[in-house]
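Here is how the chains run, residue by residue.
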Amino acid sequence: MNGFSPETEGDVMSKTREDLEEPPMYKVLLHNDDYTSMEFVVEILMGVFHKPFEEATRIMLNVHKTGIGICGIYTYEVAETKVEVTHELAKERGYPLKSSIEKA
């Protein structure tokens, strides 16, 4: 016999789930500048961050007024990818839009 018994299977599964930790989360931030259009920022928020128009507009106005705004909170890899995509799209359109990540 290989030591497996249906009676202990649930114990093994629950111990494994208890040992798992949630990955650390990171905020993706947008930084205000004097050149990137508000329309492009809303476009980025809707396209890259999947925000509805109203929320994208609210975040854009917050970035405009305070200098920085949170686009979303993600695992490190997802946050890093969203920053890279944002920078690539901004560069393609000729905007200096900056975004960064910060531990949540």
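For the structure, check the block above.
Below you will find a few notes about this structure. Model, not experiment: these values are computed from the prediction. For every chain, the first residue of the written sequence is number 1, and numbering continues from 1 along that sequence. Totals for whole chains, interfaces and linings use every residue, but because this is a predicted model, local features are given only for residues with pLDDT of at least 70 and side-chain atom pairs only at 80 or more, for both listing and counting. Computation of side-chain values: all heavy atoms of the structure, hydrogens and water removed.

**Quick look at the packing of helix 2 (residues 38–47) against helix 4 (residues 76–93)**
- Orientation is described by axes fitted as lines to C-alpha atoms, over the contacting stretch for helices, and by angles from 0 to 180 degrees between their N-to-C directions. A run of H or I in DSSP counts as a helix once it spans at least four residues, and a run of E counts as a strand once it spans at least two, with each numbered from the N terminus. Interaxial distance between helix 2 and helix 4 falls to 11 Å at its minimum, and their mutual angle equals 145°. Where helix 2 crosses over helix 4, the two elements pack in a sense that is right-handed. Counting all contacts with helix 2, which are made through Phe40, Glu43 and Ile44, the residues of helix 4 involved are Thr86, Leu89, Ala90 and Arg93.
- Broken down by class, the residue content of the contact of helix 2 with helix 4 amounts to four nonpolar, one polar and two charged. In this scheme the crossing of two helices becomes right-handed for a clockwise turn of the near helix relative to the far one and left-handed for an anticlockwise turn of less than a right angle. Contacts were defined at the residue level, with two residues in contact if any of their heavy atoms lie within 4.5 Å. The nonpolar class holds Ala, Val, Leu, Ile, Met, Phe, Trp, Tyr, Cys and Pro. Asp, Glu, Lys and Arg form the charged class, and all remaining residues, Gly among them, are polar.

**Remarks on the packing of aromatic side chains**
- Note on ring pairs: Phe, Tyr and Trp rings are taken, using the six-membered ring of Trp, and paired if centres are within 6.5 Å. Classes follow the plane angle, with under 30 degrees stacked, over 60 edge-to-face and the rest tilted. Under the criterion given, the structure shown has three aromatic pairs.
- Measuring from centroid to centroid gives 5.1 Å for Tyr26 and Tyr76, while their planes differ by 75°, and the two rings are edge-to-face. One end of the pair, Tyr26, is in strand 1 (residues 25–31); the other, Tyr76, is in helix 4, and 50 residues separate them in sequence.
- Ring geometry for Phe49 and Tyr74: centres 6.4 Å apart, planes at 40°, overall tilted. Residue Phe49 is found in the loop between helix 2 and helix 3 (53–66), and its partner Tyr74 is found in strand 2 (residues 68–75); the two are separated by 25 residues along the sequence.
- Each residue is assigned to one of three classes by its accessible area relative to the maximum for its type, calculated with a 1.4 Å probe on protein chains only: buried under 20%, partly exposed between the two thresholds, exposed over 50%. By relative accessible area, which is 15% here, Tyr74 ends up buried.
- Charge over a ring is defined by NZ of Lys or CZ of Arg lying within 6 Å of the ring centre and within 35 degrees of the ring normal. In this structure, Lys82 is placed above the aromatic ring of Tyr74, and the distance from its NZ or CZ to the ring centre is 5.2 Å.

**Examining a negative patch on the surface**
- Two distance rules govern patches: like charges are joined within 9 Å, and nonpolar side chains (Val, Leu, Ile, Met, Phe, Trp, Tyr) within 5 Å, applied only to residues with over 30% relative accessible area and no salt bridge. Here the open area of atoms and residues is found with the Shrake-Rupley method and a 1.4 Å probe, where only the protein chains shown may cover a residue. Salt bridges are defined by distance alone: a side-chain nitrogen of Lys or Arg within 4 Å of a carboxyl oxygen of Asp or Glu. All tallies of charge rest on Lys and Arg as positive and Asp and Glu as negative; His and the ends of each chain are not included. We put the charge of a Lys on NZ, of an Arg on CZ, of an Asp on CG and of a Glu on CD. Taken together, the side chains of Glu77, Glu80, Glu84, Glu88 and Glu92 present a region of like negative charge at the surface.
- Looking at the secondary structure, you find Glu88 in helix 4.

Read these as spatial facts, not as claims about activity.
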